[in-house]
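The primary structure of each chain is shown beneath.
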Amino acid sequence: GISHVLTLVLQELSLLCKRDVNGVGMLYDLLRSRWLQALLKIYECLQHYLGKRPVPVTLQARAMTREVLELLREAPQSGEIKELRRLLRAPHLKAALLSAHDTVAQKDFEPILPPLPDNIPENEEAMRIVCLVKNNQPLGATIKRHEITGDITVARVIHGGLADRSGLLYAGDKLVEVNGVPVEGLEPEQVINIL
């Protein structure tokens, strides 16, 4: 893979490095750096993982759990069966873990967006529909009311924040709707509460 190619490049550069041709020494040091080696190993692992394309055994783990509980109720009651029934009935397993498994297995985690109308005039402004999942982290952007139009716009995108990392929001973007709520006529503080 990439590590093998990098090893070959380093061997070639080590010959040129002795003559220090056009800053080859700096390039040699860069390619030998531990952090780059670690990044390349991570990259290779991810490529290997993506090549496997793991698939879930079942799309309906919650339904299967209910079936197993029914079968266990009819089975002779041993200590192990009672413990397994107790574990399978636990709310954190049923509601959180199995529900999350089924959601991911069914790839049911993306929002369903309405279709765009066919009759959009050519002089119409372009509109992007952006979906950001915050997970208890701040958005990483500030908003303001435009002085002239009164529109709510993105004032600033904070470097390293969720909005910046997503690459989906830019300073000056007009907010039309947030979480399905139209923001026209709202104050920036009200929009922040919706976010």
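Data block above holds the structure.
In what follows, the accompanying structure is described. (Residues numbered from 1 in each chain as written. Predicted model: local features only at pLDDT ≥ 70, side-chain atom pairs only at ≥ 80, totals over all residues. Heavy atoms only, no water.)

1. Points about the overall build of the protein
A tally of regular secondary structure across the protein gives 8 helices and 4 strands. Mapped in sequence order, the helices and strands of the protein form the string α-α-α-α-α-α-β-β-α-β-β-α. Here the protein, with 195 residues, has 20% of them falling under the buried criterion. For the protein, the proportion of contacts with a sequence separation of at least 24, taken over those separated by at least 6, is 39%. Summed over all atoms, the accessible surface of the protein reaches about 15500 Å², with 59% contributed by carbon and sulfur. (Helix = DSSP H or I, 4+ residues; strand = E, 2+ residues; numbered from the N terminus. Buried < 20%, exposed > 50% of the residue type's maximum accessible area, 1.4 Å probe, protein only. Contact = heavy atoms within 4.5 Å. Areas by Shrake-Rupley, 256 points an atom, 1.4 Å probe, with all protein chains shown as cover.)

2. Topic: the side chain of Asp173
Along the chain, the position of Asp173 falls in the loop between helix 7 (162-166) and strand 3 (177-178). A distance of 2.9 Å separates a polar side-chain atom of Asp173 from the backbone nitrogen of Tyr170. Excluding residues within four positions of it along the chain, Asp173 makes contact with Arg128, Ile152, Thr153, Val154 and Leu168. (Polar contact = N/O pair within 3.5 Å; in protein donor to acceptor, adjacent residues only side chain to side chain.)

3. What about the packing of helix 4 (residues 61-74) against helix 5 (residues 79-89)?
At a minimum axis separation of 10 Å, helix 4 and helix 5 run at an interaxial angle of 150 degrees. Considered as vectors, helix 4 and helix 5 are oriented roughly antiparallel to each other. Of the two possible hands of crossing, helix 4 and helix 5 adopt the one that is left-handed. Where helix 4 approaches helix 5, its residues Thr65, Val68, Leu69, Leu72 and Arg73 are matched on the opposing element by Ile81, Leu84, Arg85, Leu88 and Arg89. Class assignment of the residues belonging to the contact of helix 4 with helix 5 gives a composition of 6 nonpolar, 1 polar and 3 charged. (Axes fitted to C-alpha atoms, helices over the stretch in contact; angles between N-to-C directions. Parallel < 35°, antiparallel > 145°, perpendicular 65-115°, else oblique. Left-handed = near helix turned anticlockwise from the far one by under 90°. Nonpolar A, V, L, I, M, F, W, Y, C, P; charged D, E, K, R; others polar.)

4. Section: unusual backbone geometry
Of note in the backbone geometry, Asn179 takes a positive phi value of approximately 55 degrees without being a glycine. Along the chain, the position of Asn179 falls in the loop between strand 3 and strand 4 (181-182).

5. Description of the environment of Ala63
For Ala63, the position within the fold is in helix 4. Separated by 35 residues in the primary sequence, Ala63 and Leu98 place their C-alpha atoms 9.4 Å from one another.

6. Regarding the pairing of strand 2 (residues 152-157)
Examined bridge by bridge, strand 1 (residues 141-145) and strand 2 share 5 bridges and lie antiparallel to one another. When the bridges of strand 2 are listed, Thr142 appears paired with Arg156. The loop that links strand 1 with its antiparallel partner strand 2 comprises 6 residues; one of these, Gly150, has a positive phi angle of about 80 degrees. (Pairing = 2+ DSSP bridges.)

7. Considerations on the nonpolar core
Soluble globular proteins: nonpolar side chains tend toward being buried together. One finds Leu139, Ile143, Ile152, Val154, Leu162, Ala163, Leu169, Leu175, Val178, Val183, Leu186 and Val191 forming the largest nonpolar core, which totals 12 residues. Among the elements of the structure, strand 2 and helix 7 are those that each provide at least two residues to this core. (Core = buried A, V, L, I, M, F, W, Y, C linked by side-chain atoms within 4.5 Å.)

8. Side note on the environment of Leu175
Looking at the element boundaries, Leu175 is found in the loop between helix 7 and strand 3. Note: C-alpha distance between Leu175 and Val154 (21 residues apart in sequence) is 7.4 Å. Residues within four places of Leu175 in sequence aside, it is in contact with Ile143, Ile152, Val154, Val183 and Val191.

9. Quick look at the environment of Leu186
Mapped onto the elements, Leu186 comes out in the loop between strand 4 and helix 8 (188-194). It is 9.1 Å that separates the C-alpha atoms of Leu186 and Asp151, two residues lying 35 residues apart in sequence.

10. Some words on the pattern of salt bridges
For the coordinates displayed, the defined rule picks out 3 salt bridges. Glu70 serves as the salt-bridge partner of Arg73, at 2.1 Å between the closest nitrogen and oxygen. Of this pair, Arg73 and Glu70 both sit in helix 4, 3 residues apart, which is roughly one turn of the helix. Residue Asp151 pairs with Lys174 through a salt bridge whose shortest N-O separation is 3.7 Å. (Salt bridge = Lys/Arg side-chain N within 4 Å of Asp/Glu carboxyl O.)

11. Brief notes about helix 4
Between its first and last C-alpha atoms helix 4 spans 20 Å; for 14 residues at 1.5 Å apiece the expected length is 20 Å, and the two agree. Every buried residue of helix 4 is accounted for by Ala61, Thr65, Leu69 and Leu72. Along the long axis of helix 4, the arc covered by the buried residues comes to 85 degrees, so they all point the same way. Structural note: helix 4 exposes Arg66, Glu67, Leu71 and Glu74 on the side pointing more than 90 degrees away from its buried face. (Expected span 1.5 Å × (residues − 1). Arc of directions from axis to C-beta.)

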